[in-house]
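Geometric and topological summary
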Amino acid sequence: MSLFRRLTKAKEEGNAEKKSVAIVGLDGAGKTTIVKRILRSEFTLTRPTFGVNIEVYKYRSLEFIVYDLGGQTPLRESLWEKFITSADGLVFVLDSADKGRFELASEEFNRALSFNKTAPILFISNKIDLEDAASTDEILNIIDFGELVRLQRKYNFTRCSALTGAMLFESWDWLTLELCKDEDIPKNIVKIHGYYFFKSEGMEVETTLFGKPKTQAKNVPLFKKGRYEIIKFIKQMAGFETAESLLQVDNKQLVLIKEKKNVIGIFVGEMDPAARAVQIVKSLLDKMVRSVNNHTEVNIKNLIEKHYPLDYIKDK
Ligand code: G3D
Ligand code: MG
């Protein structure tokens with residue numbers, strides 16, 4: 001069965017809405033890292049002989065068929081064009097510290113655009129954690145977003161880091177919402193099922209599951225898996241002052257943020273907007289640091305109940 005046939009078949013049989021996203025950019029820009037970081041791999045349709053990684057990933061309620069189109073050779077050109085042309089969304093990844101290849105990246109971007117005139121475009125200026133990462137101005141000097149405005153293309157330009165996760169989830173949420181404009185995805189509210197509060201050296205301070213006893217009991221196994229994941233995250237991110245991550249734990253999302261000495265994770269619904277969850281966790285961290293500075297007692301549960309009354313699973 002041809003690859004296209006298989007993809008079409010996957011589309012017919014699955015329940016979740018499927019969208020195809022072509023992710024392009026020069027070698028080493030961070031495409032694979034981004035995809036692995038943000039999306040949960042469902043199953044793989046990778047065909048090494050095609051020279052294109054084709055994988056089906058899950059993000060919120062959507063399944064993305066991602067074409068990671070790195071390292072193309074003239075032999076693969078026509079295939080590359082075909083994937084871009086048929087994609088629902090286009091993601092371009094730029095290594096913002098690789099200034100010597102900005103011209104080349106810009107040409108590549110324009111070439112990709114020429115193959116697809118309708119898909120929303122997410123332009124990721126990656127690796128902003130690096131000291132010599134280009135500023136927004138420097139990037140705007142080489143990439144002509146004005147042209148996209150003239151063409152009335154939907155686009156989003158985000159500076160992010162696949163390594164620390166900064167701004168990554170916000171940008172994918174934008175793309176997700178663009179791709180499912182008409183579908184029922186909650187835009188503003190998340191359902192917080194529980195939280196974890198750890199010190200960044202690994203000490204557990206506080207963890208709590210929200211909800212009625214029955215709901216809690218159902219979530220206990222997931223909550224345990226979440227605890228394991230947060231410890232893994234703490235180890236992996238030991239060298240970073242700040243880091244963000246989004247993990248799928250069965251049918252929930254775990255949003256993890258590290259800020260200097262503290263790590264907070266919140267456990268939210270599968271279809272909830274990750275960007276909103278990221279925003280909540282960051283504000284909790286900020287409020288906690290301020291309480292500690294004022295020598296007042298910190299209780300995350302109280303902070304959530306007070307500041308995000310619509311966002312958590314209530315007891316009754
Ligand atoms: P590609 O798929 O676009 O070719 P990769 O790129 O995802 O393979 O990434 C290329 C290298 O860049 C990898 O390093 C990866 O870890 C690194 N990288 C990706 N994103 C970031 C980022 O945001 N910040 C930093 N500092 N590095 C990043 P290695 O050493 O494994 O080749
Ligand atoms: Mg790659």
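Rules of the game
- Residues numbered from 1 in each chain as written.
- Chains lettered and ligands numbered in written order.
- Predicted model: local features only at pLDDT ≥ 70, side-chain atom pairs only at ≥ 80, totals over all residues.
- Heavy atoms only, no water.
- Buried < 20%, exposed > 50% of the residue type's maximum accessible area, 1.4 Å probe, protein only.
- Helix = DSSP H or I, 4+ residues; strand = E, 2+ residues; numbered from the N terminus.
- Pairing = 2+ DSSP bridges.
- Near = heavy atom within 4 Å.
- Polar contact = N/O pair within 3.5 Å; in protein donor to acceptor, adjacent residues only side chain to side chain.
- Areas by Shrake-Rupley, 256 points an atom, 1.4 Å probe, with all protein chains shown as cover.
- Expected span 1.5 Å × (residues − 1).
- Core = buried A, V, L, I, M, F, W, Y, C linked by side-chain atoms within 4.5 Å.
- Domains from an automatic or database assignment.
- Contact = heavy atoms within 4.5 Å.
- Phe/Tyr/Trp six-rings, centres within 6.5 Å; stacked < 30°, edge-to-face > 60°.
- 1 Å grid on protein atoms, 1.4 Å probe; cavity = no way out; pocket = protein on both sides within 12 Å on 5 of 7 lines; lining within 4 Å.
- Points joined across faces, edges and corners; volume = space filled by probe spheres on them.
- Nonpolar A, V, L, I, M, F, W, Y, C, P; charged D, E, K, R; others polar.

Quick word on the pairing of strand 7 (residues 155-159)
In strand 7, alternate side chains face the same way, and those of Asn156 and Thr158 are buried while those of Tyr155, Phe157 and Arg159 on the opposite face are not. Direction of pairing for strand 6 (residues 121-126) relative to strand 7: parallel, over a ladder of 5 bridges. Note that in strand 7 the partner of serine 125 across the bridge is arginine 159.

Some points on unusual backbone geometry
At glutamine 152, a position not held by glycine, the phi torsion is positive, near 60 degrees. With a phi angle near 45 degrees, lysine 260 is a residue other than glycine that sits in the positive phi range.

Notes on the site of ligand 1
Close to ligand 1 lie 15 residues; Gly28, Lys31, Thr32, Thr33 and Asp129 are nearest. Here an oxygen atom of ligand 1 sits 3.3 Å away from a polar atom, N or O, in the main chain of alanine 29. In this structure, a nitrogen atom belonging to ligand 1 sits 2.7 Å away from a side-chain N or O atom of aspartate 129. Look at ligand 1: alone it shows 650 Å² of surface, and the protein chains cover 63% of it.

Some details on helix 4 (residues 102-115)
Spanning 14 residues, helix 4 covers 20 Å between terminal C-alpha atoms, matching the ideal 20 Å at 1.5 Å per step. Among all positions of helix 4, only Phe102, Ala105, Ser106, Glu108, Phe109, Ala112, Leu113 and Phe115 are buried.

Quick notes on the nonpolar core
Formed by 47 residues in total, the largest nonpolar core has its most connected members in Val91, Trp172, Leu175, Ile192, Ile264 and Ile266. Counting residues per element, this core draws most heavily on helix 9 (residues 274-293), at 8 residues. Built from parts of two domains, this core gets at least three residues from each of domain 1 (17-179) and domain 2 (194-307). Beyond its immediate sequence surroundings of up to four residues, isoleucine 264 is in contact with Tyr196, Phe197, Val255, Leu256, Ile257, Val281, Leu284, Leu285, Met288 and Ile300. Judged by nonpolar contacts, the second largest core, of 28 residues, contains Val24, Tyr67, Ala87 and Ile121.

Considerations on the packing of aromatic side chains
All chains considered together, the criterion is met by 12 aromatic pairs. Their ring planes at 35 degrees and their centres at 5.8 Å tell us that phenylalanine 123 and phenylalanine 157 sit as a pair that is tilted. Separated by 34 residues along the polypeptide, phenylalanine 123 in strand 6 and phenylalanine 157 in strand 7 bring together distant segments of the chain. Ring plane angle 70 degrees and centroid distance 5.8 Å describe the contact between phenylalanine 223 and phenylalanine 267, whose orientation is recorded as edge-to-face. In this pair, phenylalanine 223 is assigned in helix 8 (residues 213-236) and phenylalanine 267 in strand 12 (residues 262-269), connecting sequence segments 44 residues apart. Taken as a pair, phenylalanine 223 and phenylalanine 267 share a single burial class, namely buried.

So, the pairing of strand 9 (residues 204-209)
In this sheet, strand 9 lies alongside strand 8 (residues 192-199) in antiparallel orientation, the contact comprising 5 bridges. Bridge pairing links glycine 194 to leucine 209 in strand 9. Counted along the chain from strand 8 to the antiparallel partner strand 9, the turn is 4 residues long, and its residue glycine 202 has a positive phi close to 115 degrees.

What about empty space enclosed by the protein?
Applying the stated criterion across every chain yields a total of 1 cavity of 30 Å³ or more. Residue lining of the largest cavity: Leu26, Asp27, Ala29, Val93, Leu94, Asp95, Asp98, Arg101 and Ala105, and that is the complete set. Per-element accounting of the lining of the largest cavity gives the leading share, 3 residues, to strand 5 (residues 89-95). Grouping the constituent residues of the lining of the largest cavity by class yields 5 nonpolar, no polar and 4 charged.

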